[in-house]
Amino acid sequence: MASLNKLAIRGIRSFDDKNISVIEFFTPVTVIVGHNGSGKTTIIECLKYASTGDQPPNTRGGAFIHDPKMANEKEVKAQVKLRFRAANGSRMLAIRNLSVSVKKTGAMTMKTLEGVLGPLVTSKVQRGVISTKCAEMDVEIPQLLGVSKAVLENVIFCHQEDSYWPLAEPSTLKKKFDDIFEATKYTKALDAIRGLRKDKVAELKTEKAKLEGLSKEKATADSLRNKLSDLTADIAQNSIELDQKREELRLQTDSNKKFYESSTKFREIYIKVDGLNSTKKHYQEELDALKENLHELAGIHMFVKAKRARALEDCNTKIDELDAEIAQFGQQLEGARKELSAIEKEINESNATVSNLRDNIRARKLVQDIAKTQAEIDEYDLEEAAKAKRLFEEKYQLEQEKQTQLQSTVARLGGSIESLQQQLEVRKEEFNKYNAINSQYREQLVTVKLSDMANADLEKYAKALDSAIMKYHSLKMEEVNDTMRHLWNKTYQGTDIDGIKICSDDDKNTGTKRSYNYRVVMTKDQVEMDMRGRCSAGQKMLASIIIRLALADSFGQNCGILALDEPTNALDTENIDALASSLIDIINERKNHANFQLVIITHDESFLRKLGQSNVMEYYWRVSRDPRQKSIIERHRFG
Ligand SMILES: Nc1ncnc2c1ncn2[C@@H]1O[C@H](COP(=O)(O)OP(=O)(O)OP(=O)(O)O)[C@@H](O)[C@H]1O
């Protein structure tokens, strides 16, 4: 739990720039007492400066730093060192440095020098400095203390000049409460979420349009893929069919060849028989011619034979007659001889004809040859051959037709495959354009789905944040009002006000439920009245303190520090006493809480005494001026 440990001041306001003044903060309460202008408020200012980096109001130009004129220097260097325990329990040291220098013109120039923030070991910053830059320290220290800067500024280390802010004008009150509730931060976050969602919705529209385009391309690609697969399947199917048909054709061709070859036997028989028939015919013709020849020759022979016999007989008779008459007919003999030689010639001629009888033999031979040829023809099974021929003619034609059909089928399939392959190439080329379409579509789909989900989530978060902001606001206000009611009842001694509370009304100007206007009201007999402009100075002081106590309670869970600067101002004795006892009650109630630490500044000695009587503290601090008019801090024991 966060708590203050020690504060060292050098060269701030009325504190000397040559010496360091140190104040240690006790738990649960530290009281700082001193006269007006002694430098008490400076301690709170230093606490606020160390933790937030903010200098007090109206100190621009170096008024926060010890005046060089008072220091008799041209330049004064100031330092504020704060040792504290962070909300996580670690001990920390923050050092902030400032300087102011006087120009020849008399004008002052203030500089904020580098500081240090880091874990503390003994009296030095341990290794591992968190930051040396003031802007970073301004952010880091409130985080380490576990409270927002607004709570540190307006509640915990509220400046004395600003201590009546709870009863300030409505716009100031609204600003303070909005800062404390960090309303702007959450509203900005909410607006950022809504703005982001709006942008994302617009982006999603574009992404969806892109997805739609990709979806169409994907459909085209899918249809192309189906076509490609159909074409490939068709080609494969046709190829299988082609292979089958080729095989069938090969088998058919082989079978037809074999069939044809097997049927040559009957054709050979036919050819042979045809040959034999023509030989036979030739023989027959030759025989017929010979026969005719022979017939003629036989007639001639007979005639020659008869004529020779007769001629011989005639010759012999004539010889006889002529022998007798040889003498007589010497000449006749001669004539007869001539006639004989003629006959002899004729006989010779008839002998020549006889030689033609060889033809007769040849004819016989021809007859034999014809018979032989016929026998040969008869040897062939013409009937079987005729049957084979008939069968061949019946079947071969069909088989040939089958072969032709198969050939045309093979040709058709080949053509079809070629055409399909051409189509496939064209489709492939088309499909290549959509090569990455699936991954593109998938990525786009993921983008769209994620954006869709993210947008829905953003919507949900925005709604959740919106209602959480409102819920948080109403719960906190309820809590603050409860504490205020309790503290007021305990502290306020008058009878004119039963209680006080903060009303948060919807800001009608903004038109949003998350913007509130605040007003502090006092109630009497169920009647509510705005406190501002109506309450007394004392009521105003008490209400301001009670509101800050309640706010510190609700918004400082990790940091129970609260500094009250002159809380008794404008209070009457009764109310001072009541405030003292209320504070004592609060201290007693929370003294065992590790994070409760009250710092009370007062010039009121009687108030100090009242607090001292409570036994809630052993020591207090007294701030005074030394002889050089420099502020000094001394520790005193009560009693
Ligand atoms: N730059 C400065 N240089 C020197 N002294 C300064 C400077 N600024 C303010 N002072 C002096 O420091 C004192 C301011 O101290 P501070 O406001 O802390 O007093 P205080 O004890 O809180 O008084 P009060 O009880 O009246 O509130 C004043 O006396 C003021 O004159």
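Residues numbered from 1 in each chain as written. Predicted model: local features only at pLDDT ≥ 70, side-chain atom pairs only at ≥ 80, totals over all residues. Heavy atoms only, no water.

Things to note about the environment of Lys216
For Lys216, the location among the structural elements is in helix α6 (residues 183–262). Judged by relative accessible area, Lys216 falls into the exposed class, the value being 57%. Taking the C-alpha atoms as reference, Lys216 lies 9.9 Å from Tyr441; in sequence the two are 225 residues apart. (Helix = DSSP H or I, 4+ residues; strand = E, 2+ residues; numbered from the N terminus. Buried < 20%, exposed > 50% of the residue type's maximum accessible area, 1.4 Å probe, protein only.)

Looking at the pairing of strand β1 (residues 3–10)
Here seven bridges tie β1 to strand β4 (residues 75–85), and the two strands are oriented antiparallel to one another. When the bridges of β4 are listed, Ala8 appears paired with Lys81. Two strands pair when backbone bridges link them, and β1 and strand β2 (residues 21–24) are joined in this way by four bridges, in the antiparallel orientation. Across the sheet, residue Ile9 finds its bridge partner in β2, namely Ser21. (Pairing = 2+ DSSP bridges.)

Here we look at the confidence of the model for the chain
Counting all residues, the mean pLDDT for the chain is 87, and 92% of those residues have values of 70 or more. Of all the helices and strands in the chain, strand β7 (residues 124–125) carries the lowest mean pLDDT, 61, while β2 carries the highest, 97. Predicted as a complex, the structure gets a pTM of 0.67 and an ipTM equal to 0.97. (pLDDT = per-residue confidence, 0-100.)

Focus: the packing of helix α1 (residues 40–52) against helix α3 (residues 134–145)
It is at 7 Å that the axes of α1 and α3 come closest, and there the two elements cross at 105 degrees. As judged from the angle between their axes, α1 and α3 are roughly perpendicular. Two secondary-structure elements touch here, α1 through Ala50, Ser51 and Thr52 and α3 through Asp138, Ile141, Pro142 and Leu145. Its residues assigned to classes, the contact of α1 with α3 comprises four nonpolar, two polar and one charged. (Axes fitted to C-alpha atoms, helices over the stretch in contact; angles between N-to-C directions. Parallel < 35°, antiparallel > 145°, perpendicular 65-115°, else oblique. Contact = heavy atoms within 4.5 Å. Nonpolar A, V, L, I, M, F, W, Y, C, P; charged D, E, K, R; others polar.)

Re the sheet that holds strand β10 (residues 527–530)
Pairing in this open sheet of three strands is antiparallel, and the strands run β8-β9-β10 from one edge to the other. Each edge of the sheet is formed by a strand with only one pairing partner; in this case those strands are β8 (499–506) and β10. For this sheet, the mean angle separating the axes of adjacent strands, direction not counted, is 40 degrees. Sheet topology places strand β9 (residues 516–524) next to β10; four bridges connect them, and they run antiparallel. In the sheet register, Val521 faces β10, and the bridge partner there is Asp530.

Looking at the pattern of salt bridges
Between side chains of opposite charge, a pair can form as their charged atoms come close. Under the defined criterion, the tally for this structure stands at 37 salt bridges. Of the charged contacts in the structure, one is a salt bridge between Asp54 and Lys149, with a shortest N-O distance of 3.5 Å. With Asp54 in the loop between α1 and α2 (68–71) and Lys149 in helix α4 (residues 149–156), the pair connects residues that are 95 residues apart, well separated along the chain. Judged by its relative accessible area of 23%, Asp54 is partly exposed. Judged by relative accessible area, Lys149 falls into the partly exposed class, the value being 30%. Its salt-bridge partner being Arg519, residue Asp505 comes within 2.9 Å of it at the nearest N-O pair. You can see Asp505 sitting in strand β8 and its partner Arg519 sitting in strand β9, a full 14 residues away along the chain. Judged by its relative accessible area of 29%, Arg519 is partly exposed. It is possible to trace a salt-bridge network through shared partners that takes in Asp17, Lys18 and Glu73. (Salt bridge = Lys/Arg side-chain N within 4 Å of Asp/Glu carboxyl O.)

Points about the site of the ligand
Near the ligand, the surroundings consist of 18 residues, among which Gly37, Lys40, Thr41, Thr42 and Arg625 are the closest. Between an oxygen atom of the ligand and a side-chain N or O atom of Ser14, the distance comes to 3.5 Å. Here an oxygen atom of the ligand sits 2.6 Å away from a polar atom, N or O, in the side chain of Arg625. Burial of the ligand by the protein chains amounts to 74% of its free accessible area of 640 Å². Take the shell around the ligand: its biggest share by element is three residues, from α1. (Near = heavy atom within 4 Å. Polar contact = N/O pair within 3.5 Å; in protein donor to acceptor, adjacent residues only side chain to side chain. Areas by Shrake-Rupley, 256 points an atom, 1.4 Å probe, with all protein chains shown as cover.)

Looking at the packing of aromatic side chains
Under the defined criterion, the tally for this structure stands at 17 aromatic pairs. Geometrically, the ring pair formed by Phe26 and Trp621 is stacked, given 5.8 Å between the ring centres and 10 degrees between the ring planes. With a gap of 595 residues between them, Phe26 in the loop between β2 and β3 (29–34) and Trp621 in strand β13 (residues 619–625) connect regions that are remote in the sequence. Each member of the pair, Phe26 together with Trp621, is buried. (Phe/Tyr/Trp six-rings, centres within 6.5 Å; stacked < 30°, edge-to-face > 60°.)

A look at unusual backbone geometry
Leaving glycine aside, a negative phi is the common case for residues, and trans is the common case for peptide bonds. Cis rather than trans, the peptide bond between Thr27 and Pro28 has omega equal to 10 degrees. In this structure, Asn615 takes a positive phi of about 65 degrees despite not being glycine. Relative to the helices and strands, Asn615 is located in the loop between α14 (605–612) and β13. Asn615 sits in the exposed class, given a relative accessible area of 68%. Not every positive phi belongs to a glycine, and Gln629 is a case in point at roughly 70 degrees.

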